[in-house]
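Spelled out, the chains give:
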Amino acid sequence: MNKSRPILWLLIIAAVASAGYYGWQKLGTSEAGKTQTAQKGPPRPSAVPVSVAPVQKTDFPVYLTGLGTVQGFNTVQVRSRVDGQIDKLEFREGQIVKQGDLLVSIDPRPYQATLDQAKAKKAQDEASLANANLELQRATKLGEFATAQRVDTQRSTVAQLTAQIAADDAAISNAQTQLDYTQIKAPITGVAGLRQVDIGNIVNASSQTAIVTISQVEPIAVIFTAPEDQLPYISEGQKAGALKVIAFTTDGKRTLAEGKLAVINNQVDATSGTIRLKAVFDNKERTLWPGQSVSTRLLVRTLKDATVVPDDAVQRSTNGLYAYTVNQDNKAELHKIKVSYGIDGHSVIEEGLSPGQQVIVGGQFKVQPGSLVSTAVASSDPTQNKVRQQ
């Protein structure tokens, strides 16, 4: 026990010395770090990565968007004008038929017989008239030997037979018309729809069922609506010429055809506050079809030297619309703005921004006024987009 005590004291002294040395080292390192930090100053904030696009000044087309329905420029329900049995169908469903093409043949025999009968009646009456004329000539040559009554009676007979022949001509014309009706021809050029009768069916002139419907698709029409408050702009634009109308698919992703505004309806629908419009399209590619629903865009006017930014630059808050720009120090600045039109990808700015400024179009959720930003340029081409009224 007496021998182990010095060893224990030596171990305690060594431990205390080691602890002291370690504390001295930590204190020196901490002081050096503080000195170095004091020399470098406070840490600089990191820049927020954003995308920017220029504020542009350009002529901008203003379109009114709406929904419309395609209609055949002319649509005809082909019906029979005589009674009879169908002998032949001369068309195919979905076929493009031309005006005057034979569509349906109806049994012509009863009508041919009626025509032949009318012609025979005329020949009979012509023979009777010839004989009456001869009798009138004989009575006239007899002079004083023929009574006046006989001559007058004969003249009346000639007049009656002449009128009868005129009636025969009318009967022949009517019978020929009825016979011609057994050959049903296309009244317009267009697309034949689904037929409603087959060969062997009996058709009647009084029937309400059409044999087939023909729709003219070149040109073709689209009926659509516009808000009544836009009527003055539409009327003003019409004075300078027919306004352009573009038809899109209902999702607005594909252009189908371009046409012209043809008709403004003569009254406003008071219940909906809209005006019906009719546009006409050449439809040479037949991209429009009767009954099809389309999205329409009517060019009302073109804004000259409009201030345009991408839609992504426009931000909304309880205080209204605003946008961030980047100044020369790469710091964000907030601008309250006023937008007059919304665009498929772009907005027209009435107040708050000037051409040449750089607006932030991406990464705004991390940006505050005065934030340091690092920028990447986003492409912008407002001329490729169409405007819709907000």
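Here goes a summary of the coordinates provided.

Cut-offs and rules
- Residues numbered from 1 in each chain as written.
- Predicted model: local features only at pLDDT ≥ 70, side-chain atom pairs only at ≥ 80, totals over all residues.
- Heavy atoms only, no water.
- Pairing = 2+ DSSP bridges.
- Helix = DSSP H or I, 4+ residues; strand = E, 2+ residues; numbered from the N terminus.
- Salt bridge = Lys/Arg side-chain N within 4 Å of Asp/Glu carboxyl O.
- Buried < 20%, exposed > 50% of the residue type's maximum accessible area, 1.4 Å probe, protein only.

## Looking at the sheet that holds strand β8 (residues 190-192)
Phase 1 of the analysis: Reading across from one edge, β3-β10-β8-β5 is the order of the four strands in this open sheet, with antiparallel pairing throughout. Every other strand in the sheet has two partners, leaving β3 (75-78) and β5 (96-97) as the edge strands with one partner each.
Phase 2 of the analysis: In terms of strand pairing, β8 meets strand β10 (residues 212-215) through two bridges, oriented antiparallel. Along β10, the bridge assignment pairs Val191 with Ser215.

## Examining the sheet that holds strand β4 (residues 84-89)
Phase 1 of the analysis: Pairing in this open sheet of four strands is antiparallel, and the strands run β7-β6-β4-β9 from one edge to the other. The open sheet is flanked by β7 (183-185) and β9 (202-203), the only strands paired with a single partner.
Phase 2 of the analysis: Here strand β6 (residues 102-106) runs beside β7; their pairing, made up of three bridges, is antiparallel. Within β7, the position partnered with Leu102 by the bridge is Lys185.

## Brief notes about the pattern of salt bridges
Side chains that carry opposite charge are capable of pairing whenever their charged atoms lie near each other.
Phase 1 of the analysis: The tally for this structure, following the rule as stated, stands at eight salt bridges.
Phase 2 of the analysis: In this structure, Lys122 engages Asp169 in a salt bridge whose closest nitrogen and oxygen atoms are separated by 2.5 Å. Here Lys122, found in helix α2 (residues 109-141), pairs with Asp169, found in helix α3 (residues 148-180); they are 47 residues apart in sequence, far enough to count as distant.
Phase 3 of the analysis: With relative accessibility at 34%, the residue Asp169 sits in the partly exposed group.
Phase 4 of the analysis: If you follow the salt bridges from partner to partner, you end up with Lys122, Glu126 and Asp169 in one network.

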